[in-house]
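Letter by letter, the chains look like this.
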Amino acid sequence: MTYLNDTDKILVLGGTGKTGRRVAERLKARGLPTRIGSRSGEPPFDWGDHSTWSPVLERARAAYVSYYPDLAVPGAADAVGSFAELAVKRGLRRLVLLSGRGERQAEQAEDAVRESGAELTILRSTWFAQNFSEDYLLEAVLSGEVALPADGVPEPFVDVDDIADIAAAALTDDRHIGELYELTGPRLLRFAEAVDEIARATGREIRYTPVSIEDYTAVAAAQGVPAHVIDLLAYLFGEVLDGRNARVRNDVQQALGRPARDFSDYVRRTAAEGVWDV
Ligand SMILES: NC(=O)c1ccc[n+]([C@@H]2O[C@H](COP(=O)([O-])OP(=O)(O)OC[C@H]3O[C@@H](n4cnc5c(N)ncnc54)[C@H](OP(=O)(O)O)[C@@H]3O)[C@@H](O)[C@H]2O)c1
């Protein structure tokens, strides 16, 4: 903590989202001066509007960088690279970047941020468990049918609370500088198995239905999902979900000295919160 003095801020980009909100909560709980960087923050921050970048960097000494919508979209590597460069020019010293596992574009973004020369920790994450409760899979779970082109491929879903624990540690503890953590949960699960666990915990009938990528994107288009989101989903399910990430890693244990949270812990906690009640 020695590198932060009394007037310094820790900036949390995406600080109202799934990981950022939790990172900010952990920093605030430790009494650390934290600034949320998002369109609803004060001052507002928008990746698409460069005039909003300098104001959030005022007195920022460290930053958690979660890009929106995804490091896979065109222009993402340039945007995070330019932001990191500007941040270092403005006196920022440390960056923690949320990246995607098994994604070439995400690795380009990592390289672009590395060039800034900041003290860097990279959190290369697999699919979040919380996509089932805080993102695009919630509606499907509530409807009782999760139809996905997931083709029986297992994923080691990671709990975003683990990501936030590591991000908060990396922002405050020198031990994580230069580390690249590949973050996974402790167990491989097919989407069908994940849905079954949620069904059992909620006592509801929720079924998993395999669909082709073509049918999946056609239904999304008919529901009015914007084209760029459909492209992203097609890339994630059609390319990234090909088994390349079907390996469990030990990096949560390495970073925190304790095992990664299991998917069943996430399901139990989330069911108890009533998120999946209809
Ligand atoms: N979901 C996964 O399974 C997964 C896995 C690996 C990596 N990731 C990475 O996680 C990152 C975040 O994705 P997510 O889906 O989890 O989103 P998220 O962090 O849950 O939510 C979006 C956050 O970004 C902010 N935001 C939205 N539009 C913005 C804009 N134009 N400018 C600045 N901030 C904006 C939102 O706040 P405001 O609405 O206030 O702006 C909110 O804080 C992505 O880079 C993705 O590659 C996700």
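Structure shown above.
Residues numbered from 1 in each chain as written. Predicted model: local features only at pLDDT ≥ 70, side-chain atom pairs only at ≥ 80, totals over all residues. Heavy atoms only, no water.

J.: Which residues make up the packing of helix α8 (residues 191–202) against helix α12 (residues 263–273), and what values do they have?
T.: In the contact formed by α8 and α12, the axes pass within 10 Å of each other and the chain directions differ by 40°. Judged on the interaxial angle alone, α12 and α8 are oblique. As α8 packs across α12, the resulting crossing turns out to be right-handed. On α12, the residues that touch Ala194, Glu197, Ile198, Ala201 and Thr202 of α8 are Phe263, Ser264, Val267 and Ala271. (Axes fitted to C-alpha atoms, helices over the stretch in contact; angles between N-to-C directions. Helix = DSSP H or I, 4+ residues; strand = E, 2+ residues; numbered from the N terminus. Parallel < 35°, antiparallel > 145°, perpendicular 65-115°, else oblique. Left-handed = near helix turned anticlockwise from the far one by under 90°. Contact = heavy atoms within 4.5 Å.)

J.: Describe in detail unusual backbone geometry, supporting the description with residues and values.
T.: Cis rather than trans, the peptide bond between Glu42 and Pro43 has omega equal to 0°. By the element assignment, Pro43 lies in the loop between β2 (34–37) and α2 (53–57). With an omega of 10°, the peptide bond between Tyr68 and Pro69 qualifies as cis. In this fold, Pro69 is placed in the loop between β3 (60–65) and α3 (76–89).

J.: Can you break down the environment of Thr184 residue by residue, with the values?
T.: Relative to the helices and strands, Thr184 is located in the loop between β7 (180–183) and α8. Since its relative accessible area comes to 1%, Thr184 is described here as buried. Along the chain, Thr184 and Ala147 lie 37 residues apart, while their C-alpha atoms are 23 Å from each other. In contact with Thr184, other than residues within four places in its own chain, are Arg101, Thr126, Pro156, Phe157, Val158, Arg247, Val248, Arg249, Val252 and Ala260. Within the local environment of Thr184, its side chain forms a polar contact with the backbone nitrogen of Arg249, the two atoms lying 3.0 Å apart. (Buried < 20%, exposed > 50% of the residue type's maximum accessible area, 1.4 Å probe, protein only. Polar contact = N/O pair within 3.5 Å; in protein donor to acceptor, adjacent residues only side chain to side chain.)

J.: Go over the site of the ligand, please, and point to the residues and values.
T.: Taken together, 25 residues lie around the ligand, and Thr16, Ser38, Arg39, Ser40 and Tyr67 are the ones closest in. Here a nitrogen atom of the ligand sits 3.0 Å away from a polar atom, N or O, in the main chain of Trp47. Within the contact set of the ligand, an oxygen atom lies 2.6 Å away from a backbone nitrogen or oxygen of Tyr67. Relative to its unbound accessible area of 900 Å², the ligand is 86% covered by the protein chains. Its residues assigned to classes, the shell around the ligand comprises nine nonpolar, eleven polar and five charged. (Near = heavy atom within 4 Å. Areas by Shrake-Rupley, 256 points an atom, 1.4 Å probe, with all protein chains shown as cover. Nonpolar A, V, L, I, M, F, W, Y, C, P; charged D, E, K, R; others polar.)

J.: How would you summarise the sheet that holds strand β1 (residues 9–13) if you had to cite specific residues and measurements?
T.: What the six strands build is an open sheet, ordered β2-β1-β3-β4-β5-β7; its pairing is parallel. The strands lining the two open edges of the sheet, one partner per strand, are β2 and β7. Across the sheet, the mean angle separating the axes of adjacent strands is 20° when strand polarity is ignored. Direction of pairing for strand β4 (residues 94–100) relative to strand β5 (residues 119–125): parallel, over a ladder of seven bridges. Each bridged residue has a counterpart across the sheet, and for Leu95 the counterpart in β5 is Leu120. (Pairing = 2+ DSSP bridges.)

J.: How would you explain α3 if you had to name every residue and give the values?
T.: Between its terminal C-alpha atoms α3 stretches 20 Å, which fits the 20 Å expected from 14 residues at 1.5 Å a residue. Every buried residue of α3 is accounted for by Ala76, Ala77, Ala79, Val80, Gly81, Phe83, Ala84 and Ala87. Residues of α3 that are buried make contact with β1, α2, β3, β4 and α4 (104–114). Gly91 occupies a position one or two residues after α3 and carries a positive phi of about 105°. (Expected span 1.5 Å × (residues − 1).)

J.: Give a description of the packing of α3 against α4 that names residues and reports values.
T.: Packing of α3 against α4 leaves a shortest axis separation of 8 Å and a crossing angle of 20°. By the angle between their directions, the pair α3 and α4 is classed as roughly parallel. The handedness of the crossing between α3 and α4 is right-handed. Contacts from Ala77, Val80, Gly81 and Ala84 in α3 reach Gln108, Ala109, Ala112 and Val113 in α4. Among the residues forming the contact of α3 with α4, the class breakdown is six nonpolar, two polar and no charged.

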